[in-house]
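Residue strings, one per chain:
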Amino acid sequence: MPPSFSDIVEEARLSARALLDYGDSFFNPTVRLGVTGLSRAGKTVFITALIHGLTRGGRFPVFEPYATGRIARARLEPQPDDAVPRFDYENHVRTLIEERRWPNSTVDISELRLVIDYQRQNGADRTLTIDIVDYPGEWLLDLPLLSKSYEQWSVESLALSCEGPRAKLAAPWHEHLKTLHPEGRENEQAALAAAKLFTDYLRACRDERFAMSLLPPGRFLMPGNLAGSPALTFAPLEVASDGSAPDGSLWAMMRRRYEAYKDVVVRPFFRDHFARLDRQIVLVDALAAFNAGPEALHDLEAALSGILDCFRIGRSTILSSLFRPRIDRILFAATKADHLHRQSHDRLEAVLRRAVAKAADRAEYAGAAIDVVALAAVRATREAMVARGRDKLPSILGTPAPGESANGEAFDGETEVATFPGDLPADPEELFNGGFRGLSSTPSETADFRFLRFRPPLLERAANEEPALPHIRLDRALQFLIGDRLQ
Amino acid sequence: MSEKTPHRRPATFKLGDPGVIVMDPDETGRPARGTVHVTPEADPALLPVPIDAPLVPVRRGFRWGALFWSAVGGLVLLGTGLGIVNMVEDLFARSQTLGYVALAFAVAAALALSVVIAREAFGLARLAAIEKLHLRAAEVLRSDDRAESRAVVNELLRLAHQNPQLARARATLVSHADDIIDGADMIKLAERELMAPLDEEARRLVSQAAQRVSVVTAVSPRALIDVLFVFVAAMRLIRQLARLYGGRPGTLGMISLLRHVIGHLAITGGMAVGDSLVQQMLGHGIAAKLSQRLGEGVLNGLLTARLGLAAIDVTRPLPFTALPRPALADLAKDLLRKRDGEA
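Residues numbered from 1 in each chain as written. Chains lettered and ligands numbered in written order. Predicted model: local features only at pLDDT ≥ 70, side-chain atom pairs only at ≥ 80, totals over all residues.

Engineer: Tell me about the interface of chain A and chain B, and please be specific about residues and values.
Structural biologist: Across the contact, 36 residues belong to chain A and 29 residues belong to chain B. Mapped onto the side of chain A that touches chain B, the elements with two or more residues apiece are strand S8 (382-388), strand S9 (391-398), strand S12 (417-420) and helix H18 (474-482) of chain A. Counting residues per element, the side of chain A that touches chain B draws most heavily on S8 of chain A, at seven residues. Pairing analysis gives five bridges linking S8 of chain A to strand S3 (residues 36-40) of chain B, with the strands arranged antiparallel. Its bridge partner lying in S3 of chain B, Ala387 of chain A is registered against His37 of chain B. (Contact = placed C-beta atoms within 7 Å. Helix = DSSP H or I, 4+ residues; strand = E, 2+ residues; numbered from the N terminus. Pairing = 2+ DSSP bridges.)

Have a look at this one:
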């Protein structure tokens, strides 16, 4: 598709902004850290743990500037954008430590600015500003739409909804779709009904048993303040991917709304928060996909590669940072590594490496540094060896969240259990070839993996001081993402 | 693990159940029939992380000293060159033949100088590479970074290529390259495979030098000869160790190496006081009771050994983790045993 006029205007806007930022960063070095992840990948917990660790002090032996004592202190500062809500850090910390609950899923965008006072290796005092944005992971799914027309999107969505376990979930919407004539007159009630059924289908796919990831448009699931507006009242129709809509038809109406959705919702989101990133961490919850089955894993892979295509990645040069900022370091992180015994972390990393192989290759080719790590921003479990008969199972100890169940037993959120989640294969291809059974196709007794959700850890509180949150490899992630900017 | 059993089913055990017994990590014993034993493991994050003092203090800022010496060196070179050119021209003015002879000498000298400089530069670069490798390996030991550990080991293999004794060790290490091994473990494996034979040899070199020094000090007629001999032996020892671990220091390389060794000695000297100074002095005292010269000989030998140990630390491309660091006590034992045998 040749670039349209609006694309060119958009580019010019982005470049002007980049130029402004560049001037600013001369006096006030800033890292824009993009915390990217689909919903439930653990973005909010990661950001909370990162800020908590840096401001209150944590155990970060691998994060060199911190371990050697060069970081004097880190503090929160008023954020640059006045129109965006503040990231509710204090509340999230309280939820984690005192109530021992994970923060609720994010429903709107929020932002926070962290300033690190440090001393360079040659002795000079400096500060580094880190801007972090938190947002509902569903919204990220919209980014690939920017390069798709309504017709392309319709065809792809329809094809996708007929595959695997989705077909059953999409049945009501398919029924309704058959009654619609794209070239008939525009009809508000039909559009409303279609949008509602389409949203229901997307929502059903998100259930823990299916754990699908590729569910655009994201605002349908997490509408924010746009609920009910025309920009959110459209759905795919059965149309040809290269057809054109007659005036006044249902098709034309849907198409108009789709374009409005892109203009009003997606583009500003991308422009304000993703077009100007310096560093990126991609959080991926692979364990939910293992729970659900091979289809979920493939879906995750497709969603990730679609999203990562939207970012501007590559080696930073002076020219690029002037006009077209690029991400020069990407960390792919398999979150919730505390749900596995340490022996399996390498295998989890291998699975993630395989899932993001295409995006990682592309990034490396463009000159960006990439790394893959299995991490847990807040570690909820301990490790244990369980001896059952002659078997030795590398297991984890923790308190499952209330409502979780295993072996047909529901947990009340107080009992501690030891659980062995299942062996990850040495070769990740086995998983991608569909060689395992998940909850989407089989009852929980015969599933190959079972990852329970655990409550946050019980922390011992020293006098008047907030305890440090335990973590797995958060320090390594920090070292990779910002260590070089604190030399 | 999974080679034996292709896939084990997930399982969950409530800690409160009567059939589940929670055990202490140090408790051993077979699980009784029908019960399940849960043994919590020590949290790796809470174990202390050993961090060595940096080998060489980090250089900071612009190196004005280096600039000064380079500039002075350049000036001297220019001056000498000018003098030689003038002389050759004078000789040509006096006699054609003499001029040609002088020109030939000048060309030969320039050629030799350039080769010497190239060799020095090569040696220095190699020492720097080893030093960097040491730092990178230490970093990997902390961060457990897999990709970086592979890079370090590859570099190490390249470095070890020139040492024919290590052919089998190299082959073993290469065969492990594709296994799933964490970063820190890979470095430890490389250390065990490649460094073990070299460490043995290094220990032999150090104790040999120490013995030689103590014998010569004991029998030499003049203090000046002692001093000269100790100096020469120390330089020789450092050069041998550097060669053993893959460096090829020239004159400048030796100077920088000597600086590092002495610097390292100053850093670690304090730590060593507690463990071995007492026994050193004690041994020295007893030897001195027997004969003053013998006592001096033993003391000089021990000091040489300590210098050798510092040189091992500086020239070895990997830090000591999997293998024990040779201690002065071992070497001192060798030294005294030898002395007993001679006496």
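Now that the structure has been shown, we can carry on.
Engineer: Report on helix H3 (residues 146-160) of chain B, specifying residues and quantitative values.
Structural biologist: All names here are of chain B. Helix length check: H3 (15 residues) gives 21 Å between terminal C-alpha atoms against 21 Å at 1.5 Å per residue, within 8%. Taken residue by residue, H3 has Arg146, Ser149, Val152, Val153, Leu156 and Ala160 as its buried positions. Projected down its long axis, H3 shows its buried positions confined to an angular sector of 120°, all on one face. Opposite the buried face of H3, by more than 90 degrees, sit the exposed residues Ala147 and Arg158. Summarising the contacts, the buried residues of H3 are in contact with helix H2 (96-143), helix H4 (167-175) and helix H5 (183-219). (Expected span 1.5 Å × (residues − 1). Buried ≥ 20, exposed ≤ 12 C-beta atoms within 10 Å, placed from the backbone. Arc of directions from axis to C-beta.)

Engineer: Break down the sheet that holds S8 of chain A for me, with residues and values.
Structural biologist: Taken together, six strands build an open sheet; the order of strands is S1(B)-S12(A)-S9(A)-S8(A)-S3(B)-S2(B) and the sheet is mixed. The open sheet has two free edges, formed respectively by strand S1 (11-14) and strand S2 (20-22) of chain B, since each of these has just one partner strand. With direction set aside, neighbouring strand axes in the sheet form an average angle of 30°. As defined by bridge partners, S12 of chain A adjoins S1 of chain B across four bridges and the pair is classed as antiparallel. The partner of Val417 of chain A across the bridge, within S1 of chain B, is Lys14 of chain B. (Axes fitted to C-alpha atoms, helices over the stretch in contact; angles between N-to-C directions.)

Engineer: Mind laying out the domain arrangement of chain A, listing which residues take part and the relevant values?
Structural biologist: Residues and elements named next belong to chain A. Here the domain parsing of chain A yields domain 1 (5-135 + 273-378 + 472-486) and domain 2 (143-267). Averaged C-alpha coordinates put domain 1 and domain 2 at centres separated by 31 Å. Between domain 1 and domain 2, the contact holds 18 residues from the first and 14 residues from the second. Every element with two or more residues in the side of domain 1 that touches domain 2 is listed here: helix H12 (286-292) and helix H13 (294-308). (Domains from an automatic or database assignment.)

Engineer: Break down the sheet that holds strand S1 (residues 30-37) of chain A for me, citing the residues and quoting the values.
Structural biologist: Residue and element names in this part refer to chain A. The strand order S2-S3-S4-S1-S5-S6-S7 describes an open sheet built from seven strands, whose pairing is mixed. At either margin of the open sheet sits one strand with a lone partner, and together these are strand S2 (71-77) and strand S7 (369-374). In this sheet, neighbouring strand axes are inclined to one another by 20° on average, regardless of whether the strands run parallel or antiparallel. By the bridge criterion, six bridges tie strand S6 (residues 329-334) to S7 in an arrangement that is parallel.

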